[in-house]
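Below, each chain spelled out in residue letters.
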Amino acid sequence: MTFHLQTMSKCIEDAHGGSFLEELNIKWSDHNKALQMIRDILMYMDRTFIPSTHKTPVHELGLNLWRDNVIHSDKIQTRLLNTLLELILRERTGEVINRGLMRNIIKMLMDLGPSVYQEDFEKPFLEVSADFYRAESQEFIECSDCGDYLKKAERRLNEEIERVSQYLDAKSEAKITNVVEKEMIANHMLRLVHMENSGLVKMLLDDKFEDLGRMYNLFRRVPNGLLTIRDVMTSHIRDTGKQLVTDPEKSKNPVEFVESLLEKRDKYDKIISLAFSNDKTFQNALNSSFEYFINLNPRSPEYISLFVDDKLRKGLKGVKEEDIESILDKVMMFRYLQEKDVFEKYYKQHLAKRLLSGKTVSDDAERSLIVKLKTECGYQFTSKLEGMFTDMKTSQDTMQGFYAAYGAELGNGPTLVVQVLTTGSWPTQSSITCNLPSEMSALCEKFRSYYLGTHTGRRLSWQTNMGTADLRATFGNGQKYELNVSTYQMCVLMLFNNADCLSYREIEQATEIPPSDLKRCLQSLACVKGKNVLRKEPE
């Protein structure tokens, strides 16, 4: 067999150019056929004599002789390697090669044993590939922007994976992709991320979801790749967020201030879900960035509460149920506040005003938000807020009872709606009384005696500073209006039923409204151009 293979080897050596591999392939195929027949003929020897004398089985011996006399002969070994590498290079530069022939030759090396495939082909193949991609990546990075470079890297990676599936050993896949990742991505990571006008920050600014997704998928293959993206993204979000919350222009309008924060949040949520496959570590980085810059502005808790107030007063009119839910979910941005108690203080004040003035768009939305706050912060946080709703409901029942008892007696006089508020649940205000008009104070007395008659051990104190009133007024030209005013303003206006002209001092003595409140109340009645109910001299 050795003698026969040496003759064969000569024929293969004599083959020129492209026919070298073909000749090798034909001879290998012949040798395999011959081996099978020889093994069949010597089957009895193979089964009995060889195991007892610990000699090499026939088929294996035939392969070893082919390896030593053909593949490892001086004139074939190097030539074979160079031919294979040359063909792969030609394929990388766009030429079409005979993949079937390649597959047969590579399979032959694998059949001769893993060490033959690895030593005679795989090791040199990986070294040559590293050199090739090192040079190519250097050339690409000089003439491409970040997005284009990543496309080229992705294409090369896919080509190598496909090459393995076509004609290399499957175990080579991890090794060759490793080479491409190291040369094309890991070695240029920082330069790619920080590229002028096309790097990561530019992609984030322009919402380049596809490019960002490609960067994420390529960088996740290399050590510290995702960490690099995450760090650059975090510092970008923090810088832009800091500018946003410390911008004095933005702070002028609390609703716009919060809306711009929500837009920013939406933008990055979308990037993380579409480009970064909802990566938890990126979500956490986004959360910690928001927590960092939202707390740079000491008025953030107040602004978020004002934003909610604006939405629940008028911003949700005509909005669909599911959209209301998503707006309320966004409001949960308040979870980033370190001073949640400050938010609670403002929220309580704003909620009290909404409930008492009847200005809330939807009770359901109010309650839904309280459920969300409860889930986020626990029962302590919302127990008083829930108490406020309970008071409103109880007050409605109380008023029904009051009118059932006294309705006939009250006739066509003024009507009264009382909200009885539990001291601990509502924002505390020092109790300041003022002199109500006689018609009203009589009615209030009636209510007090009714309420204390139906409840034992309670004290009522009037909070006139929190009330409102509706007045019908007839002006000089006979025009009739209905005025919606505060209780203080009602006390002032009712004085003008009995007088045409009053001085500030006279009003103050008659009503006993605290000076700061009285001034504010008179300003709004007399000094708003085009909406003034009273005349003031001098103007």
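Residues numbered from 1 in each chain as written. Predicted model: local features only at pLDDT ≥ 70, side-chain atom pairs only at ≥ 80, totals over all residues. Heavy atoms only, no water.

Under the annotation held in an unreviewed UniProt entry, the protein carries the name Cullin-3A and is attributed to Sesamum radiatum. Recorded under Sequence similarities (unreviewed entry), the UniProt text for the protein is reproduced unchanged: "Belongs to the cullin family." (UniProt positions renumbered as here; feature names shortened; annotations may be inferred.)

1. Comments concerning the nonpolar core
Core analysis: the biggest nonpolar cluster contains 76 residues, and Met215, Phe219, Phe276 and Tyr347 have the highest contact counts within it. In terms of residue count, the dominant contributor to this core is helix H15 (residues 254–274) (8 residues). Look past the residues within four positions of phenylalanine 219 in its chain and what remains in contact with it is Leu150, Ile185, Met189, Leu192, Val193, Gly225, Leu226 and Ile229. Counting 39 residues, the second largest nonpolar core, distinct from the first, contains Leu35, Leu63, Leu65 and Leu87. (Core = buried A, V, L, I, M, F, W, Y, C linked by side-chain atoms within 4.5 Å. Buried < 20%, exposed > 50% of the residue type's maximum accessible area, 1.4 Å probe, protein only. Helix = DSSP H or I, 4+ residues; strand = E, 2+ residues; numbered from the N terminus. Contact = heavy atoms within 4.5 Å.)

2. Considerations on the layout of surface pockets
In this structure, the second largest pocket spans a volume of roughly 250 Å³. Looking at the second largest pocket, the residues that line it are Thr464, Asn465, Gly467, Ser486, Thr487, Tyr488, Gln489, Asp517, Arg520, Cys521 and Ser524. Of all the secondary-structure elements, those providing two or more residues to the lining of the second largest pocket are helix H23 (487–495) and helix H25 (515–526). In terms of residue count, H25 provides more of the lining of the second largest pocket than any other element does, 4 residues in total. (1 Å grid on protein atoms, 1.4 Å probe; cavity = no way out; pocket = protein on both sides within 12 Å on 5 of 7 lines; lining within 4 Å. Points joined across faces, edges and corners; volume = space filled by probe spheres on them.)

3. A look at the environment of glutamate 537
Examined against the element boundaries, glutamate 537 turns out to sit in the segment after H25. Spatially, the C-alpha atom of glutamate 537 lies 9.8 Å from that of alanine 526, the residues being 11 residues apart in sequence.

4. Regarding the pattern of salt bridges
Side-chain pairs of opposite charge can arise whenever the charged atoms involved come near each other. The tally for this structure, following the rule as stated, stands at 40 salt bridges. Among the ionic pairs, glutamate 181 bridges to arginine 221, the shortest N-O distance being 2.5 Å. With glutamate 181 in helix H9 (residues 172–185) and arginine 221 in the loop between helix H12 (209–219) and helix H13 (225–245), the pair connects residues that are 40 residues apart, well separated along the chain. The shortest N-O distance in the salt bridge between lysine 393 and aspartate 397 comes to 3.4 Å. Taken together, the residues span about one helical turn, with lysine 393 and aspartate 397 both in helix H21 (residues 379–410) at a distance of 4 residues. By relative accessible area, which is 40% here, aspartate 397 ends up partly exposed. A single salt-bridge network, built from bridges that share partners, covers Glu91, Arg92, Arg99, Glu160, Glu162 and Arg163. (Salt bridge = Lys/Arg side-chain N within 4 Å of Asp/Glu carboxyl O.)

5. What about the packing of H23 against H25?
Look at H23 against H25: their axes get within 10 Å of each other, and the N-to-C directions meet at 70°. Classed by the angle they form, the pair H23 and H25 counts as roughly perpendicular. Touching Tyr488, Gln489, Val492 and Leu493 of H23 are Asp517, Leu518, Cys521, Leu522, Ser524 and Leu525, all from H25. (Axes fitted to C-alpha atoms, helices over the stretch in contact; angles between N-to-C directions. Parallel < 35°, antiparallel > 145°, perpendicular 65-115°, else oblique.)

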